[in-house]
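So you can see what is in the structure, the chains are spelled out below.
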Amino acid sequence: MRYQDKFIFGAAYYEEYMPCERLEEDMKMMVEAGFNTIRIGESTWSVEEPFPGSYDFSHIDRVIDSAEHHGLYVIVGTPTYAVPHWLVQLDPDVLVTTKDGKAKYGARQNMDITNPTYRFYAERMIRAIVSHTVNRKNVIGFQIDNETKHYGTAGDKVTILFQRWLQTKFKTIEEVNEAFGLNYWSNSVTRFEDLPNPAGTINGSYACAFAKFQRYMAEDFLMWQSNIVKEYLRPDQFITQNFDYEWKSFGAPGQQDGYSWGVQPDICHWHSAKAMTLIGTDIYCFVQDKLTGREIAFGGDLMRSLRKENYLVLESQAQAFADWLPYPGQLRLMAFSHLASGACGVMYWNWHSLHNGIESYWKGILGHDFEPNPVYDEICLIGKEMRRLSDKINGLKKKNRIALVVSTNTVNALKWFPTHKALQYNDVVHWVYDALYELNLECDVIFAQEWDWSDYDMIIFPELYSMHGSMAGRIREFVARGGTVFATFRSFVADKHVKIYHDRLPHDLTDVFGMTYNQYTRPVNVTVGGVEAKYWMELLNPTSAIPVENYTHGYWGKYAAVTKNHYEKGTAWYLGTMLSDEKLKEYLLAAAKDAGIEVQSQCWPIIIRNGISQEGKRLQFLLNYSNQNVPVCIGCQGRDLISNKIYKKNEEVLLMEWGVAVIEEA
Amino acid sequence: MRYQDKFIFGAAYYEEYMPCERLEEDMKMMVEAGFNTIRIGESTWSVEEPFPGSYDFSHIDRVIDSAEHHGLYVIVGTPTYAVPHWLVQLDPDVLVTTKDGKAKYGARQNMDITNPTYRFYAERMIRAIVSHTVNRKNVIGFQIDNETKHYGTAGDKVTILFQRWLQTKFKTIEEVNEAFGLNYWSNSVTRFEDLPNPAGTINGSYACAFAKFQRYMAEDFLMWQSNIVKEYLRPDQFITQNFDYEWKSFGAPGQQDGYSWGVQPDICHWHSAKAMTLIGTDIYCFVQDKLTGREIAFGGDLMRSLRKENYLVLESQAQAFADWLPYPGQLRLMAFSHLASGACGVMYWNWHSLHNGIESYWKGILGHDFEPNPVYDEICLIGKEMRRLSDKINGLKKKNRIALVVSTNTVNALKWFPTHKALQYNDVVHWVYDALYELNLECDVIFAQEWDWSDYDMIIFPELYSMHGSMAGRIREFVARGGTVFATFRSFVADKHVKIYHDRLPHDLTDVFGMTYNQYTRPVNVTVGGVEAKYWMELLNPTSAIPVENYTHGYWGKYAAVTKNHYEKGTAWYLGTMLSDEKLKEYLLAAAKDAGIEVQSQCWPIIIRNGISQEGKRLQFLLNYSNQNVPVCIGCQGRDLISNKIYKKNEEVLLMEWGVAVIEEA
Amino acid sequence: MRYQDKFIFGAAYYEEYMPCERLEEDMKMMVEAGFNTIRIGESTWSVEEPFPGSYDFSHIDRVIDSAEHHGLYVIVGTPTYAVPHWLVQLDPDVLVTTKDGKAKYGARQNMDITNPTYRFYAERMIRAIVSHTVNRKNVIGFQIDNETKHYGTAGDKVTILFQRWLQTKFKTIEEVNEAFGLNYWSNSVTRFEDLPNPAGTINGSYACAFAKFQRYMAEDFLMWQSNIVKEYLRPDQFITQNFDYEWKSFGAPGQQDGYSWGVQPDICHWHSAKAMTLIGTDIYCFVQDKLTGREIAFGGDLMRSLRKENYLVLESQAQAFADWLPYPGQLRLMAFSHLASGACGVMYWNWHSLHNGIESYWKGILGHDFEPNPVYDEICLIGKEMRRLSDKINGLKKKNRIALVVSTNTVNALKWFPTHKALQYNDVVHWVYDALYELNLECDVIFAQEWDWSDYDMIIFPELYSMHGSMAGRIREFVARGGTVFATFRSFVADKHVKIYHDRLPHDLTDVFGMTYNQYTRPVNVTVGGVEAKYWMELLNPTSAIPVENYTHGYWGKYAAVTKNHYEKGTAWYLGTMLSDEKLKEYLLAAAKDAGIEVQSQCWPIIIRNGISQEGKRLQFLLNYSNQNVPVCIGCQGRDLISNKIYKKNEEVLLMEWGVAVIEEA
């Protein structure tokens, strides 16, 4: 059987970190857990090349040998994201210089990915590890680097590269001055080589251009790795990478906490997907009473939408942080949720808990004592189910009619021009996404550069602050042809250089939305339809639009808060302020109705996700995100692939607490 | 008509920042708004000198030309507060070194104002711009630099200058050791040239002396600019500068918020006023439901008191921050409030909202779309009123009987020796000032170095921690002759070197105040006359004073909190702790009564400000700082210059919400 | 009379800091206050050596002369903890490089204690001051340095020393890699000289080893000073030092606040005690309504336990911070509390309040005006009592049956692997210690390296995270022989290299505790016996242990929270989570009962501390930590040494608010 044919199930395995001999015992326990794959080697350069030029793959070899013996596939990682100390000794400039100064040796991801010394040794190492393992038959693919980002590289040499990159984008320096508005506070220059290091800039346009260039460097780095690996790759092997998200953290320094939050500002997933043949990702989220499935769904919808393909969850949490010890049933619910979004595999991070280092309390499946435990026991159960159901549910195809548009450039732009100090771009993205998710209105999450909107009936723009010049035309056309758009405050404000437009807002779309505004303020004791307005309010003046709701306030009551406009065959909603989740859901449901999209009767904590199986059958994933048993009515005749029970149309499925059913329609 | 004869009304105008051709349209809109003046050029060095030594004044010229054509005056700024990047390339030491390290290029006000390279190029630029524009007939004055301060300049060369400056103040190094108490923790030295860079000092006296030297450098820098400009100046032209205040901010980094708060620690207004022929200032404050007029009154009283002259408000807010969009009527109320404090003009910052740079959301009169809007419309109304009333109300003369004494040195001293971590000097200054303001007890705000107290009947000392040695004698004399003084806790504690006095407190004034103390603590569950004591409490032991109120507390009840002493012909009040605003007002009213000062029956939100017009008539400004219409009884017969309605004595004027009346007494 | 025969009573005295001539007056006031000792000179290097190599001991001499004249002893300090500026000019590397960069000149304790230039000049100074004063008959001892710690020294030369130190601890570099788990994230090296500067490390084991090395440097520095001083010392003179504690602070930068909190991470008291012949310490704590006596008892129990000897309180607060002005009676209560823990003397910091420098508002006995005040008056009373009672109560011997085990290494380990971001190691230590204190269960506070447990019946381990390999065996033996142990969560988890053990937890003690666990999480809505569980909960699986209490929670209810196990002749308690103080006290009382320890009927705010006087009589110190008069029943016949009143058995002593009685049993 080929790996493509079954659901990948496994964990990261670090034999190099073991405090004692465990290999044979671990392999047996993994087989017992239903694993078919392990991921190795992505952070152990110093072990694999203890002296410059002297390689030692003994750990790699014995793990691949043992995996082969036990029937496990292996994904081999290139170890380039954690550099050995000797490399820093050879060239201290291997350590990245960020706007906060030079990094210190110790952590991973602290190198300058443009540094030639780093690139030279990294390339030699990539060629060594790939050529050494590529012909092992159980090696199914390679992971290049890990959670790659630009790491804030911003030294003076990077400024020179940035100047040259700008020179490929602009014909003259006058164009640069004008595009970024550098006359402000005496920042204009007369030669490209005079453009300053952006570390101290007060110009958001210049800063966002630099951030875009930093992302470009990370994308270029990945493509470079990918091209090296491709020289060796067998046709049946894949290249993947571990895309992660903007991370939301809460803790004191030294605390490990947070979760996979939103659109990643430090590399563009859409651009860098080109370096991969299989999209990979990691998703971490709260569990226990805070498990909602939102992060799993959001990450999955974004990854799947990159190329409308299935993707591999390279890291999913096992025990993780102290507050994340899952309740019984939760790991299983999470695994099926990944599947329901189109994942072709789930791998845990990691097999065992580490006895040293900063991730010692980012726990794996096994605790520090290597004993079986409730988490391991549940993974054994999941493994058996995956093995049994793999043919039926692997390779799920999804076709959604709603798209939610996100923008990497806007993440940065709104850090410079925040809507409110307590409200970031990803808060607004999640505010809208989560409402859709909870309403069981499935959507694709697409990037602003993605232009094929032909599959969609409704497109949503949460805070699309920075837009490409041509987008307004596309939106006009989409609505004219009958589509529904739904945009929030601070959309269509600035151009791709983050220069604020100087025509009426929303830029070039006042006809489509049938309104305009040029004043906005913060709501204080302002309500909309009885609900408090928060953070930001635009004082909308409808022209042709219907004022769905006005503000309630002594001075602002004459302005609309929400408008809806019929433009040619379509409809355009605009939300000028932030309201409660419930109020937002009302408007989204109304807009979905405008778009002719069927609304589910169930909503969160019951989540229903749909897709088409490889056999061409419609699958309904029923996911119970609550600690109560809940009866759920299914709208079709079908069979629960898990219990094998057959249900008549409109019969109720009893979902147990944190329970799952997968209904294959008859 | 000369500019001196009319009220200056206008805005800052930056043609250099325009994203499109707007000049003619802008001029028309400004004339329509009743403007007579624009301010240009104070931050556009890189545009005016794109290459070292190569000047380009085309923007300046066409704006002056167009202004002339439209009958507008122009104030030309020297662009020295934002350096071009080429200047930093020529000499990286142009960037200031502060105690936090070297500044990065990008922001304004990041240069070392003592750096000779900077001074050389700045001087050449000042001479170029001034000589180029000085003979234009509509150029009425020059603004030198902008919001000048010392920018924390603290490099090693500044230490050398500091050592030499100290050498001019002290005869021997032993005197320095003694004045600052450098023996403490081994900080004493034996030669002036051994005095260390103050960046790491733990000696508040040494640090405050350095801060004073830093202020001196800023004052010297302004005087140097002023002298250069004076070489070219026509007799009918003025030199001004933009004095600002300690800024109170709240936001996260990258947020622009805060307001004009209090006494400026980074330049001494009193000293540096010498560099100006017309005092200028900018004042920013909360609006909407938080508009109180306090900041306008405080800033105005301080500016006017610098030389008992009228002053120009070079920057007043238009739309400003998102939360500062004014309610209808508020801009007008604010403009009249400036007038009521003695302003001879109000200019907005700025004409249009910027499309790039860090102040893009510090909005001007026009939004990013350049369209008329409610703020512009209101300014048009104000403009018409100003034009009509200019003869009547411009050049208001004020004569107050109360002075409130502030100290730049004390701002710094109390940062070293804070009363409470949540209470800064300017909090206490505003606590007292605001109480007076709300009671309609008008005062001058004078500096501690200002010795002519002959106009006053009552002098107030909020936290005058650091005092010049001779001040005690002056106070004694003032009280002896019949004056009333009112001092708060932590006044008269340390000498001018911020060395704590070692005699009984209040230093050299125990006879005048009739009490002493040498213990103090923080109040916890302590009340004074039923009101909670906060932050700090001195345990006062009256000798001849009347204990107006004792503390209520199990152990501290035997000590007085507030004392009043009759000393010769006068009275001396002392407040040993911080109480509620209402309680403070009680004591201030009682003290005003002691001083024979008439008390107003109205209080905030109705503000009454008085003055004498150029025609010699008494004007009463009635200002309604509330969203309610309020009838106000005027104590004289007179005419409202705005409505032209005539009122009999004790007749009621109905002030509309945020409304204004200007009563000219018959 | 020799100093050893009487209770040392006095203050730090800094003639060098005086703003005026005060010596004779001060001496008279000190004699009046009952002082017998002053401490001088520990921070005035720049005064004593104004030029390199040129000494000036005139201040020292005249103070010793005057003290001699007035019958006062003198403790002379070496001034090495505050360097003169000329020393930094001679070698800028005298300033310490920490992980945050190079220190700036100004503060004390900012030098690199390994720097040879510093050591050279320090040694010359030590020899000069000691040889100059050692033969003065009223000099009773020397204090070497002051509050010595490692000051974070972490420059590249310190890394080289650290590499060499590790080479003395490990045979091969492979052992280092394995002990610290350096394979993680590519941190392994192949030569000792390749081990990186730990400033950037993400390896807690490596970081803790470096912290241990830093402490070793501080200990070595003290021993070096001690050996120099010993070359000169008379047999009747002592060498002491000023041990302080981890400091808990709250304030904004520039605020001086906080208190003596817990185990000191920056020097090991147990190791460095070897450099002293008389243990010295300073203890600062809240007063007024927050005076509890905890810090005095904890510090005293720790200091006394270092060598089972009496110790000198070198610094106790007088007026100190503004919020610490003591209520009448509190200073006296504090002085007797020091005595009750085994102090052989109390010295105040300091005599007078300073007129300059960062400690100006860390006030002494006299305020800035040098006048008598209520604090001075109370110290006069204490002085008289001490003089009268000295023979009776000085040199108290204590013999406690309970030991509480603390670990310097664990302080650091738990900063890397915190139980909760709001809970530090010293919080847990104080949680347990304070419960004992309030129950009047007196204990010794011993270090984890202290192996003689023969005196104890009960040993308590709060969060003993990092343990030496042999400790488990010692504990097993202690319990087997009939002892009671009481351990909290996160004890016995990691080895001395802070590597987490890979066997079952608690490491090597599952038989003794009769339980194990390998899962833990954060409690959310979890109770134990009706009380909220906080911060951390281990899911305990009893084997032979009694589950004293299980968690109450939907999913975790099957696990024990508290267990008790009978192991051979003894008992082992284990507490898997943090509970209320009251709940902890229940368990501690039960465990004390298991250990056969008599429980007091009184508890805080009445504190009862016991000891044996030099005359061999049992003394009971009754301390009233409340503002109420409280009758206390004494369980024996005796005489109150203070009032001289004789009490019958079970007669009640009426303790006045903040009052004291010292009952000498008949």
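Right, let's walk through the structure included here. What you see is a predicted model, and the numbers here were worked out from it, not measured in a lab.

**Description of the overall build of chain A**
Check the secondary structure of chain A and you find 17 helices and 33 strands. The C-alpha radius of gyration computed for chain A amounts to 26 Å, which stays within 12% of the reference 26 Å derived for 666 residues, consistent with globular compactness. In terms of principal-axis extent, the alpha carbons of chain A reach across some 75 × 75 × 45 Å. A burial count over chain A gives 68% of its 666 residues as buried. The long-range fraction of contacts in chain A, counting pairs at least 24 apart against all pairs at least 6 apart in sequence, stands at 73%. Treating the 66 positive side-chain charges of chain A as one cloud and the 81 negative ones as another, the clouds have centres 4 Å apart.

**What about the interface of chain B and chain A?**
Counting residues at the interface gives 56 residues for chain B, matched by 49 residues for chain A. Buried surface at the junction of chain B and chain A, both sides included, amounts to about 4400 Å², of which 53% is carbon and sulfur. Linking chain B with chain A are one salt bridge. The partner of Glu371(B) in a salt bridge is Arg504(A), and the shortest N-O contact between them spans 3.0 Å. In this assembly, chain B and chain A are joined by 32 residue pairs in polar contact (both at pLDDT 80 or more). When contributions to the side of chain B that touches chain A are tallied by element, the ones reaching two or more residues are helix 2 (45-48), helix 4 (85-90) and helix 12 (374-393) of chain B. Counting residues per element, the side of chain B that touches chain A draws most heavily on helix 2 of chain B, at three residues. Considering only residue class, the side of chain B that touches chain A consists of 29 nonpolar, 18 polar and nine charged.

**Some thoughts on the side chain of Gln225(A)**
All names here are of chain A. For glutamine 225, the position within the fold is in helix 8 (residues 204-230). In terms of polar contacts, glutamine 225 uses its side chain to reach the side chain of threonine 78, at 3.1 Å. Those residues in contact with glutamine 225, other than ones at most four positions away along the chain, are Thr78, Thr80, Ile126, Ile144 and Asp145.

**Structural notes on the pairing of strand 1 (residues 8-12) of chain A**
Residues and elements named next belong to chain A. For strand 1, a buried count of five out of five residues is recorded, marking the element as mostly surrounded by other parts of the structure. Pairing analysis gives four bridges linking strand 1 to strand 12 (residues 343-349), with the strands arranged parallel. Of the residues in strand 12, the one forming a bridge with phenylalanine 9 is valine 346. Relative to strand 2 (residues 37-40), strand 1 runs parallel, the two being bridged by three bridges. Note that in strand 2 the partner of glycine 10 across the bridge is threonine 37. In the classification by handedness, the crossover that spans strand 1, the intervening helix 1 (residues 23-32) and the parallel strand 2 is right-handed.

**Structural notes on the relation of the copies chain C and chain A**
Superposition of chain C onto chain A requires a rotation of 120° combined with a translation of 0.0 Å along the rotation axis, giving an RMSD of 0.1 Å. As the rotation angle and translation indicate, the two copies are arranged about a three-fold axis. Closest approach to the rotation axis within chain C is made by the C-alpha atom of Gly101(C), at a distance of 6.8 Å.

**What about helix 13 (residues 408-416) of chain C?**
An α-helix turns once per 3.6 residues; consequently, residues spaced three or four apart project the same way. All names here are of chain C. Counting buried positions along helix 13 yields seven of nine residues, so the element is predominantly enclosed. For helix 13, the full list of buried residues reads Thr408, Asn409, Thr410, Val411, Asn412, Ala413 and Leu414. Among the structural elements, helix 8 (204-230), strand 8 (246-248), strand 13 (402-406), helix 14 (425-438) and strand 14 (443-447) are those in contact with the buried residues of helix 13. Between the side-chain oxygen of the N-cap and the backbone nitrogen of asparagine 409 there are 3.4 Å, and the N-cap of helix 13 in question is serine 407.

**Focus on the packing of aromatic side chains**
The tally for this structure, following the rule as stated, stands at 165 aromatic pairs over all chains. Lying across the ring of Tyr361(A), Arg490(C) places its NZ or CZ 4.8 Å from the centre.

**Points about the environment of Asn610(A)**
All names here are of chain A. Tracing the sequence through the fold places asparagine 610 in strand 27 (residues 606-612). Put simply, asparagine 610 and isoleucine 663 are 53 residues apart on the chain and 9.5 Å apart in space, counted from C-alpha to C-alpha. Sequence-distant contacts of asparagine 610, that is, excluding residues within four places in its chain, are made with Leu396, Lys398, Glu442, Gln600, Arg618, Leu619 and Gln620.

**Some remarks on the sheet that holds strand 13 (residues 402-406) of chain B**
Residues and elements named next belong to chain B. Read across the open sheet, the nine strands follow the order 14-13-15-16-25-24-23-19-20; overall the sheet is mixed. Two strands in the sheet have a free side with no partner beyond their single neighbour: strand 14 (443-447) and strand 20 (531-532). In the packing of helix 14 (residues 425-438) onto the sheet, contacts are made with strand 13, strand 14, strand 15 (458-461), strand 16 (484-488) and strand 25 (570-575), and the angle to strand 13 comes to roughly 170°.

**Comments concerning the packing of helix 10 (residues 294-307) of chain A against helix 14 (residues 425-438) of chain A**
All names here are of chain A. Where helix 10 meets helix 14, the closest approach of the two axes is 10 Å, and the angle between their N-to-C directions is 100°. As the angle between them shows, helix 10 and helix 14 are arranged roughly perpendicular. Together, Arg294, Ala297, Phe298 and Asp301 of helix 10 and Val429, His430, Tyr433, Asp434, Tyr437 and Glu438 of helix 14 make up the contact between the two elements. Of the residues assigned to the contact of helix 10 with helix 14, the class counts are five nonpolar, one polar and four charged.

**What about the side chain of Arg490(B)?**
Residue and element names in this part refer to chain B. Along the polypeptide, arginine 490 turns up in the loop between strand 16 and helix 16 (510-513). Although buried, arginine 490 forms no salt bridge, and the nearest oppositely charged side chain, glutamate 463, lies 5.2 Å from it. A polar side-chain atom of arginine 490 sits 2.6 Å from the main-chain carbonyl oxygen of phenylalanine 417.

**Observations concerning the pattern of salt bridges**
Residues and elements named next belong to chain A. For the structure on display, the rule yields 130 salt bridges over all chains. Here arginine 119 ties to aspartate 220 by a salt bridge, and the two come within 3.6 Å at their closest N and O atoms. Of this pair, arginine 119 sits in helix 5 (residues 116-133) while aspartate 220 sits in helix 8, and the two are 101 residues apart along the sequence. Residue glutamate 309 pairs with arginine 307 through a salt bridge whose shortest N-O separation is 3.4 Å. For glutamate 309, a relative accessible area of 31% puts it in the partly exposed group. A single salt-bridge network, built from bridges that share partners, covers Asp301, Arg304, Lys308, Lys398, Glu442, Asp444 and Arg609.

**Quick look at the packing of helix 14 of chain C against helix 17 (residues 581-594) of chain C**
Residues and elements named next belong to chain C. Running from N to C, helix 14 and helix 17 point in directions that differ by 70°, and their axes come no closer than 10 Å. When the axes of helix 14 and helix 17 are compared, the pair comes out roughly perpendicular. Our pair here, helix 14 against helix 17, has a crossing hand that is right-handed. Of helix 17, the residues touching helix 14 (which contributes Trp431, Val432, Ala435, Leu436 and Glu438) are Asp581, Leu584, Lys585 and Leu588. Of the residues assigned to the contact of helix 14 with helix 17, the class counts are six nonpolar, no polar and three charged.

**Considering the sheet that holds strand 28 (residues 618-624) of chain C**
Residue and element names in this part refer to chain C. Read across the sheet, five strands follow the order 27-28-33-30-31 without closing on themselves; strand pairing throughout is antiparallel. Two strands close off the open sheet at either side, each with one partner strand: strand 27 (606-612) and strand 31 (646-647). Where strand 28 meets strand 33 (residues 660-665), five bridges bridge the pair, whose relative direction is antiparallel. In the strand pairing of strand 33, glutamine 620 is matched with isoleucine 663. Lying over the sheet, helix 12 (residues 374-393) contacts strand 28, strand 30 (638-640) and strand 33, oriented at roughly 135° with respect to strand 28.

Rules used throughout
- Starting afresh in each chain, residues are numbered from 1 along the sequence in its written order.
- Whichever chain is written first becomes A and whichever ligand is written first becomes 1, with later ones labelled in order.
- At least 70 in pLDDT is required for a residue's local features to be given in this predicted model, at least 80 for side-chain atom pairs to be given and counted, and no such filter applies to totals for whole chains, interfaces and linings, which use all residues.
- Heavy atoms throughout the structure, all of them, feed into the side-chain values; hydrogens and water do not.
- By definition, any uninterrupted DSSP run of H or I lasting at least four residues is a helix, any uninterrupted run of E lasting at least two residues is a strand, and each is numbered from the N terminus.
- The atom set for the radius of gyration is the C-alpha atoms, and the globule formula is 2.2 Å times the number of residues raised to the power 0.38.
- Only protein chains enter the calculation, and the probe is 1.4 Å; a residue is then buried if its accessible area is under 20% of its type maximum, exposed if over 50%, and partly exposed in between.
- We call two residues contacting when some pair of their heavy atoms lies within 4.5 Å.
- Charged-residue counts in this description rest on Lys and Arg as positive and Asp and Glu as negative, His and the chain ends being excluded.
- Think of each charge as sitting on NZ of Lys, CZ of Arg, CG of Asp or CD of Glu.
- What counts as buried area is the accessible surface, traced by a 1.4 Å probe, that two parts surrender upon association, with contributions from both included.
- Here a salt bridge means any side-chain nitrogen of Lys or Arg lying within 4 Å of a carboxyl oxygen belonging to Asp or Glu.
- By the criterion applied in these results, polar contacts are pairs of N or O atoms within 3.5 Å in which, for protein atoms, one can donate a hydrogen and the other can accept it, and in which residues neighboring in sequence qualify only through two side-chain atoms.
- Lys, Arg, Asp and Glu make up the charged group, whereas Ala, Val, Leu, Ile, Met, Phe, Trp, Tyr, Cys and Pro make up the nonpolar group; the residues left over, Gly among them, are polar.
- Pairs of strands are assigned from DSSP output, requiring at least two bridges between the strands.
- Place the viewer so that the strands point away; then a crossover is right-handed whenever the path from the first strand over the helix to the second strand goes clockwise.
- The atoms used to superpose the copies are C-alpha atoms, taken from residues with pLDDT of at least 70 in both, and the fit is least squares.
- Within 6.5 Å between ring centres, the rings of Phe, Tyr and Trp (the latter by its six-membered ring) count as paired, and their orientation is classed by plane angle as stacked under 30 degrees, edge-to-face over 60, tilted in between.
- In this analysis the charged atom, NZ for Lys or CZ for Arg, is taken to sit over a ring once it is within 6 Å of the ring centre and within 35 degrees of the ring normal.
- Orientation is described by lines fitted to C-alpha atoms, with helices fitted over the stretch in contact, and by angles between N-to-C directions that extend from 0 to 180 degrees.
- Roughly parallel refers to an angle under 35 degrees, roughly antiparallel to one over 145, roughly perpendicular to one between 65 and 115, and oblique to any angle outside these ranges.
- The hand of a helix crossing depends on one turn: near helix anticlockwise from the far one by less than a right angle means left-handed, and clockwise means right-handed.

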